[in-house]
Amino acid sequence: MGTEQVTSGSFSRKKAERGASDPVIYVVEDESLIALDLRERLRKLHYQVCAVSASGEEAVERVGEFHPDLVLMDIRLKGEMDGIDAARAIRERHDIPVVFLTAYAEEKTLERARITEPYGYVLKPVQDRELDINIQIALYRHKADQELRRTKKWLDTLLLSLGDGLLATAPGGKVLLMNPAAERLTGWTFEESFGRSADEVLRLVGEERTEEGDSPAKEVHNVFLLARDGSRTPVSVSSGSVRDSDGKEYGSVLLLHDMSERLRYEVELRRAKVAAEQANRAKSEFFAVVTHEFRTPLNGIVGMADLLLAGECTPKQKEYVEILRSSSEVLLSLVNDILDLSKIDAGRLEITERPFDLPLLLDQLCRVFSLRCARKGLHFSLDIAPDVPVTVWGDGLRLRQILMNLLENAYKFTHEGCVEVEVSEVKRDDFISTLRFIVRDTGIGIAREKQAAIFDRFTQADGSARRKYSGTGLGLSIARELATLLEGTITLESELGKGSAFQVELPFRIARDKK
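The shown structure was predicted, so the numbers you read here are calculated from the model rather than taken from an experiment.

## Description of the nonpolar core
So, step 1. Counting 44 residues, the largest nonpolar core has L358, L399, I402, L406, F437 and L506 as its most contacted members.
So, step 2. Only α12 (358–376), α13 (396–412), β17 (418–429), β18 (432–441), α15 (475–485), β19 (489–495) and β20 (499–509) provide two or more residues apiece to this core.
So, step 3. In this structure I402 touches A479, L482, A483, L486, V504 and L506, once residues within four positions along its chain are discounted.
So, step 4. Counting residues in hydrophobic clusters, the runner-up holds 22 residues, among them C50, A59, V60 and I90.

## Brief notes about the environment of R243
So, step 1. Mapped onto the elements, R243 comes out in strand β12 (residues 232–243).
So, step 2. A residue is classified by how much of its surface remains accessible, and R243, at 47% relative accessible area, is partly exposed.
So, step 3. Not counting residues within four places of it along the chain, the set of residues in contact with R243 comprises K248, E249 and Y250.
So, step 4. One polar contact links the side chain of R243 to the main-chain carbonyl oxygen of G247, over a distance of 3.1 Å.

## Some thoughts on the packing of aromatic side chains
So, step 1. Summed over all chains, the structure comprises six aromatic pairs.
So, step 2. On the basis of an interplanar angle of 65 degrees and a centroid distance of 6.0 Å, the ring pair of Y26 and F66 is categorised as edge-to-face. Separated by 40 residues along the polypeptide, Y26 in strand β2 (residues 24–28) and F66 in helix α3 (residues 56–66) bring together distant segments of the chain. Each member of the pair, Y26 as well as F66, is classed as buried.

## Quick look at the confidence of the model for the protein
So, step 1. Considering every residue of the protein, the mean pLDDT works out to 83; 85% of them sit at 70 or more.
So, step 2. Within the model, the stretch residues 211–216 combines pLDDT values under 50 with six contacts to residues more than four positions away or in other chains.

Thresholds, definitions, all that
Residues numbered from 1 in each chain as written. Predicted model: local features only at pLDDT ≥ 70, side-chain atom pairs only at ≥ 80, totals over all residues. Heavy atoms only, no water. Core = buried A, V, L, I, M, F, W, Y, C linked by side-chain atoms within 4.5 Å. Buried < 20%, exposed > 50% of the residue type's maximum accessible area, 1.4 Å probe, protein only. Helix = DSSP H or I, 4+ residues; strand = E, 2+ residues; numbered from the N terminus. Contact = heavy atoms within 4.5 Å. Polar contact = N/O pair within 3.5 Å; in protein donor to acceptor, adjacent residues only side chain to side chain. Phe/Tyr/Trp six-rings, centres within 6.5 Å; stacked < 30°, edge-to-face > 60°. pLDDT = per-residue confidence, 0-100.

Have a look at this one:
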């Protein structure tokens, strides 16, 4: 009996037309009457029969042409290749499930058949219900096996590509699984570690720090993994239990993260930080020395210019001396700013606390700016609240410098309107009075998006302002640095075109009997 089959074109059309519930069956049976009977039974059960072969050799050769969903194979076939040999050959070449047909159930034959891992047995004479049930079970099992194999490939790929070491254990701590990364860290191969105690393979030494959260996993840090050859690797270990639906533990999984690179990076980062700090201090010390040396001749130039202006000069000479004096004062102001910043960066700016008369300091400072504002047509006012203490302990020189920088800024950028200074007490705790100083102006103001950067060094709200108003953009930066050194704060409220208000809050010590 040769192969009985539907022609390729006809079968392709039928396969395209059939639904997902109509699997395709390849029948291998050397008894023609039984083969015809099977074809009819399968048709009635809504299966497609793609071909019928009478020999194992032919089935092995032709099954690849049709790639059916299942092969129904008689165990006893005439010829050199019986059904068991044919099933073995199909299994080696194709992923197609085989269900055996047999009228015999000898243990020897079944033992041979089991080696081929069949998906079921149907006894002759065939019954429709038994045939249908066996086919459905075989197709379901085969689909489940395919999903399982795909999942296993994903997991195998994941384990191989995982940079962290992974080790799985059974109840009792016996090693069940180990990926290549864990092999490198421990010095054990999976074959050598399988079935051994995890404590033998995974030897941790050092001061352990365990972190447990709401999750079932826990992490161990500050430990070294002692490899088989005695070498040590800094690691962090994450572990979690594997439990069944009843909550019973039947294994655990451990992840080993090599911390060597991170620790090396942290050491290098610390070294780089120290080197950068040393370089920054050296730079600041250099600037401090250089600018200090600049101040002496500049003060001499300003002093000589004052003497020349006090003497007899022609109008042209006076104009030249005024330019010389003005330029020298600008340069001296820049040198002083750079010197202050250098001292701050180098940690050499000293804060000296001594008692001083606060209203007197404010009056002396504001008197100078009051005259300058009057010459510019601006109104100037100083308002000191009644509860502000008279004598306070603090660094009056640095307070004066902060306010001078803020007033200089307000004077420079205000063309009409006023400049105001307000002083009030925010709170008093025992012998500490926190005072608030507000310098308010009606100048050009600062756009909201540029206010965050206004205290940065060499920064002005508008780049064109530097060309129009001159200046380095260091004054506000120095004011903030000094406020921080005095354990205070400085903030800004401003609206473009309407003015600005700088607010400084600083703590001062006071005597109990003085206000």
